[in-house]
Amino acid sequence: MSFKISSLSEYFVEYQKSIDQPEKFWSDIAETFKWKKPWDKVLSWNFNDPDLKWFLNAKLNITENIFERNIEKFGSKTAIIWEPNDPNEKPLQITYNELFQKTCQFSNVLQDQGISKGDRVIIYMPMIPEAAIAMLACARVGAVHSVVFAGFSSSALADRINDCQAKMVITSDGNFRGKKNIEVKAVVDRAIEKTKTIEKVIVCKRTKAKVNMKSGRDFWWHEVVKNQTSDHKATILDSEDLLFILYTSGSTGKPKGVVHTIGGYMIYSQYSFQNVFQYENDDIYWCTADIGWITGHSYIIYGPLLSGATTLMFEGVPTYPNPGRFWDIIDKYKVNQFYTAPTAIRALQAHGIEHIQPYKLDSLKVIGSVGEPINEEAWHWYHDNVGKGKCPLVDTWWQTETGGIMISPLAGITPNKPAHASLPLPGIQPIILDTNGNELIGNNVEGNLCIKFPWPSMIRTTYGDHKRCKETYFSTYQGMYFTGDGVKRDHDGYLRILGRVDDVMNVSGHRMGTAEVENAINEHPKVIESAVVGYPHEIKGQGIYAYVICDIDNYSEANLIDEIKETVRNIIGPIAKPDKVQIVPGLPKTRSGKIMRRILRKIASKDISNLGDISTLLNPDIVEKIIIGSSKI
Ligand code: WTA
């Protein structure tokens, strides 16, 4: 039985069903999956504590739902198409049968190396098929994977290892990205020096970079896999056992480990994948995200593979060897669904139309956007030049915490409206609140986006710190999940996401906390205090603007700025490097000592016509000085 919606009227019927009888709605879908033991109860929830459980006491293994459930039907079908960074290198096509065998072999490796149910395993790898195999093998043996984007620095990696007390790192020797040949294992080595829990490191050979292998700790992937059989009995797990932890930035402190559990995530990732992209059996689907982000988890790996889809995995970058690479890959494999981020669209748009014109792109049926608000200009460029005006564009709003797409058109079903994520998926109950917590009813309203009822793939906790989960998501509004995003419901009842209303920036579709960047800046010995804000950036969506108070003496300001940028790069990674650094003599503060970010945001955005009342500041004179200084940045 399929739960794929095929018309707008059916969408409305299904949506209503999901609201009237949520437990029946989701259990009907869940019944199409392979369970070792059925659930006693569909849902138990409390948003105040918070306590969220789906399919209580049911037993399963998610990889049995990818492999054993479907293998008769899809065994010889291509599961993963892998396109290497260098277009002249041989690509790979891996069938479901092969992926199953490789996953089983690597599951045996994990168990031989002492990994068992509940252990945390860090995956710090380039976009190669072994990364997918590593994730699936963890899931098969019941280990909890935590994929860390391979662009993060050794100290960011160490923080994550320490937070989840990981026992193993799976990595590679190096990473080809565009013209770069990046060290990966060396970063892992430096990270492990700052940690105490890692017992084993498995290293996949990719670039043939020279690496140090520590005897007894480090093992080559190809060597440990060599003699393993491809028989493996999946570990039987509980629906609410952890599937993975994924670290993401928040408004305060260090990144937190968002926890997802098996049963609910499995159901929602498949359901949302099939419905949003309207995937059909022989389609070739491509999501350009990295597996280090939630989009890669849900819509390169789990959603597509649970659906028996062919999912394309691309190792490289959109501009290598030239800015036509995405379009070349689409034509080469006749991609039918293409899912990318607005920042990539804007960057490719800026390279000029001549890079897309040579390509046919006529295989495309659906194009998608994720990660940040898509501006209307980029929407039209994408729709007209990539979708050739005929492909539905799914602008999908969701978050690491939501596990799956929450608000989005269903391709070809929900009428498109530029820059509008449009309508919630069945089972998703958005609500718009004003800052006092009053619900804004009807159309033409703007406020904070909350969700008032649980959905299967929602965050369960933040790893090791349940209080933080409660404070971040369930305390702003009583009894609601608070997203941190602003939203508008327009005159047609369509939702348009307006961006973050908290201190989280969205830089090239990557989430970055202002506090996180400030903490990194403050590590520079000459820095006294800093304040970081986002500002509108043509390509990145938002850029990072840092105001820094320094102990300059007779030090060169230009050098200092470079050093500060480098410090952030070393502590977090290149994606967090500030675009602009302004050395300031002070920061605008309230009488209670709070930095007035609102003013700093306006100055960074060059929007100084209405700074509001600054007379109540502790130091109103500083504002003028910062404005004068900012004109030179
Ligand atoms: C933003 C990425 C507007 C939003 C899946 C959210 C979006 C944050 C959209 C989550 C969209 C994501 N339109 N904004 N279609 N998709 N966002 O956790 O601010 O990396 O809160 O998850 O990205 O980012 P995250």
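For clarity, every value in this text was computed on a predicted model and none was experimentally measured.

A. Quick peek at the sheet that holds strand 23 (residues 481-489). One open sheet holds the four strands; their spatial order is 21-22-23-24, and the pairing between them is antiparallel. Two strands in the sheet have a free side with no partner beyond their single neighbour: strand 21 (430-433) and strand 24 (495-500). Going from strand to strand, the sheet's axes swing by 45° on average, the running direction of each strand aside. Of the strand pairs in this sheet, strand 23 and strand 24 are connected by five bridges, and their pairing is antiparallel. Bridging from a neighbouring strand, Arg-489 pairs with Leu-495 of strand 24.

B. Region of the structure containing unusual backbone geometry. Cis rather than trans, the peptide bond between Asp-49 and Pro-50 has omega equal to -15°. Looking at the element boundaries, Pro-50 is found in the loop between strand 1 (41-46) and strand 2 (51-56). The phi dihedral of Lys-388 falls on the positive side, at around 50°, and the residue is not glycine. Relative to the helices and strands, Lys-388 is located in the loop between helix 14 (376-386) and strand 20 (393-396). Non-glycine residue Ser-422 carries a positive phi angle of around 75°. Tracing the sequence through the fold places Ser-422 in the loop between strand 20 and strand 21. You can call Ser-422 buried: its relative accessible area is 1%.

C. Geometry of helix 15 (residues 466-473). Within the span of helix 15, buried status applies to Arg-468, Cys-469 and Tyr-473. Buried residues in helix 15, looked at end-on, bunch into an arc of 105°, giving them a common side. Where the residues of helix 15 are buried, they touch strand 15 (256-261) and strand 23.

D. Just the site of the ligand, in detail. Neighbouring the ligand are 17 residues, the closest being Asp-395, Thr-396, Thr-400, Asp-485 and Arg-511. Taking Asp-395, its side chain carries an N or O atom lying 2.8 Å from a nitrogen atom of the ligand. Here an oxygen atom of the ligand sits 2.6 Å away from a polar atom, N or O, in the side chain of Thr-400. The protein chains hide 96% of the 520 Å² of surface that the ligand would expose on its own. Partitioning the shell around the ligand into residue classes produces six nonpolar, six polar and five charged.

Each value, and the rule that gives it
- Position numbers for residues start from 1 in each chain and track the written sequence from start to end.
- Where local features are concerned, this predicted model is filtered to residues with pLDDT of at least 70; where side-chain atom pairs are given and counted, the filter is 80 or more; whole-chain, interface and lining totals use all residues.
- With hydrogens and water stripped out, all remaining heavy atoms of the structure feed into the side-chain values.
- Here the rule is simple: two strands pair whenever DSSP picks up at least two bridges between them.
- In this text, helices come from DSSP runs of H or I with a minimum length of four residues, and strands from runs of E with a minimum of two, each type numbered from the N-terminal end.
- Each axis is a line fitted through C-alpha atoms, taken for helices only over the stretch in contact, and angles between the N-to-C directions span 0 to 180 degrees.
- For each residue, the accessible area found with a 1.4 Å probe, counting protein chains only, is set against the maximum for its type, and the residue is called buried under 20%, exposed over 50%, and partly exposed in between.
- Along the arc lie the directions from the helix axis toward the C-beta atoms.
- Contacts are assigned to residue pairs that have any heavy atoms within 4.5 Å of one another.
- Only heavy atoms are used to decide nearness, and a residue is near a molecule or strand if one of them lies within 4 Å of it.
- Two N or O atoms form a polar contact when they lie within 3.5 Å of each other; inside protein one atom must be a possible hydrogen donor and the other a possible acceptor, and for residues adjacent in sequence the pair counts only when both atoms belong to side chains.
- Computed with the Shrake-Rupley method and a 1.4 Å probe, the accessible areas treat only the protein chains shown as cover for residues.
- Charged means Asp, Glu, Lys or Arg here, nonpolar means Ala, Val, Leu, Ile, Met, Phe, Trp, Tyr, Cys or Pro, and polar covers whatever is left, Gly included.

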